[in-house]
Amino acid sequence: MIKWMTVAVFLCCTFVLGSCSPQQAQNSLPEDQEAQPRQLPQAKISNVSTTLEEQDNWFIVPENTETVTFKVEAEHTNTVLFWIAPTGTETGKERKIIGYDTDGSDGWSLEWKVGNQALHDHISIEALGVDGRTMDSYTLNIHSE
């Protein structure tokens, strides 16, 4: 008798639970609340210019130059970093920051005081995204006369 009662209870539970549709069993949110998290656009450098003349893919720093200006056009960016690294292989760990800009309201730029240093280096410009995850970069070669 207990065996038949167990089977009857099992069948009743199966019938009751089976009659609920999956949507009824879940507490679904209205469509507008189920929207995916909004993706922020990625950082993008669209243009880099400098006060230096370019020759054979190298920007030349004339003798007695005190300041070099870099201007960057970048979208969806909250900070632009400017780095210098020596030419050669695996020199990335030797790079040094030469400046940064955290206020793009007047455009992204750097006025770099060159001094009397001899240059044969790479300048790397990095735009850090407003989303906190993306980055775009641009590298140029720089050489002193």
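Up top you'll find the structure we're talking about.
The following paragraphs examine the structure supplied in this document. (Residues numbered from 1 in each chain as written. Predicted model: local features only at pLDDT ≥ 70, side-chain atom pairs only at ≥ 80, totals over all residues. Heavy atoms only, no water.)

### Focus on the overall build of the protein
For step 1, the next point in the chain: Looking only at helices and strands, one finds two helices and nine strands in the protein.
For step 2, the next point in the chain: The order of α-helices and β-strands along the protein, N terminus first, is α-α-β-β-β-β-β-β-β-β-β.
For step 3, the next point in the chain: Across the 145 residues that make up the protein, the buried fraction comes to 30%.
For step 4, the next point in the chain: Pairs at least 24 apart in sequence give 63% of the contacts found in the protein among residues at least 6 apart. (Helix = DSSP H or I, 4+ residues; strand = E, 2+ residues; numbered from the N terminus. Buried < 20%, exposed > 50% of the residue type's maximum accessible area, 1.4 Å probe, protein only. Contact = heavy atoms within 4.5 Å.)

### Examining the pattern of salt bridges
For step 1, the next point in the chain: Applying the stated criterion to the full structure yields one salt bridge.
For step 2, the next point in the chain: Its salt-bridge partner being Glu126, residue Arg95 comes within 3.0 Å of it at the nearest N-O pair. In this pair, Arg95 is assigned in the loop between strand 5 (77–86) and strand 6 (96–101) and Glu126 in strand 8 (residues 120–129), connecting sequence segments 31 residues apart.
For step 3, the next point in the chain: A relative accessible area of 33% places Arg95 in the partly exposed class. (Salt bridge = Lys/Arg side-chain N within 4 Å of Asp/Glu carboxyl O.)

### Thoughts on the sheet that holds strand 7 (residues 108–113)
For step 1, the next point in the chain: Spatial strand order, 1-4-7: three strands in an open sheet with antiparallel pairing. Among the strands making up the open sheet, the edge pair consists of strand 1 (44–50) and strand 7. The mean inter-strand angle of the sheet, taken between neighbouring strand axes irrespective of direction, is 20°.
For step 2, the next point in the chain: Inspection of the sheet shows strand 1 paired to strand 4 (residues 67–75) by six bridges, in the antiparallel sense. For Val48, the partnering residue across the bridge sits in strand 4 and is Val72. (Pairing = 2+ DSSP bridges. Axes fitted to C-alpha atoms, helices over the stretch in contact; angles between N-to-C directions.)

### Observations concerning the nonpolar core
For step 1, the next point in the chain: Membership of the largest hydrophobic core comes to 23 residues, with the highest contact counts inside it found for Phe70, Val72, Trp112, Ile123, Ile125 and Ile142.
For step 2, the next point in the chain: When residues of this core are traced back to their parent elements, those giving at least two are strand 1, strand 3 (58–61), strand 4, strand 5, strand 7, strand 8 and strand 9 (135–144).
For step 3, the next point in the chain: A total of four residues in this core trace back to one element, the largest contributor, which is strand 4.
For step 4, the next point in the chain: Those residues in contact with Ile125 that sit more than four places away from it in its chain are Ile45, Val48, Val72, Val80, Leu81, Phe82, Asp136, Ser137, Tyr138 and Leu140. (Core = buried A, V, L, I, M, F, W, Y, C linked by side-chain atoms within 4.5 Å.)

### With respect to the packing of aromatic side chains
Both the distance between ring centres and the angle between the ring planes are used here to describe each pair of aromatic rings.
For step 1, the next point in the chain: This structure, assessed with the given rule, holds two aromatic pairs.
For step 2, the next point in the chain: Every member of this aromatic cluster is reached through a ring pair, and the members are Phe70, Phe82 and Trp112.
For step 3, the next point in the chain: In this structure, Arg95 packs its charged tip against the face of Trp83, placed 3.6 Å from the ring centre. (Phe/Tyr/Trp six-rings, centres within 6.5 Å; stacked < 30°, edge-to-face > 60°. Lys NZ or Arg CZ within 6 Å of the ring centre and 35° of its normal.)

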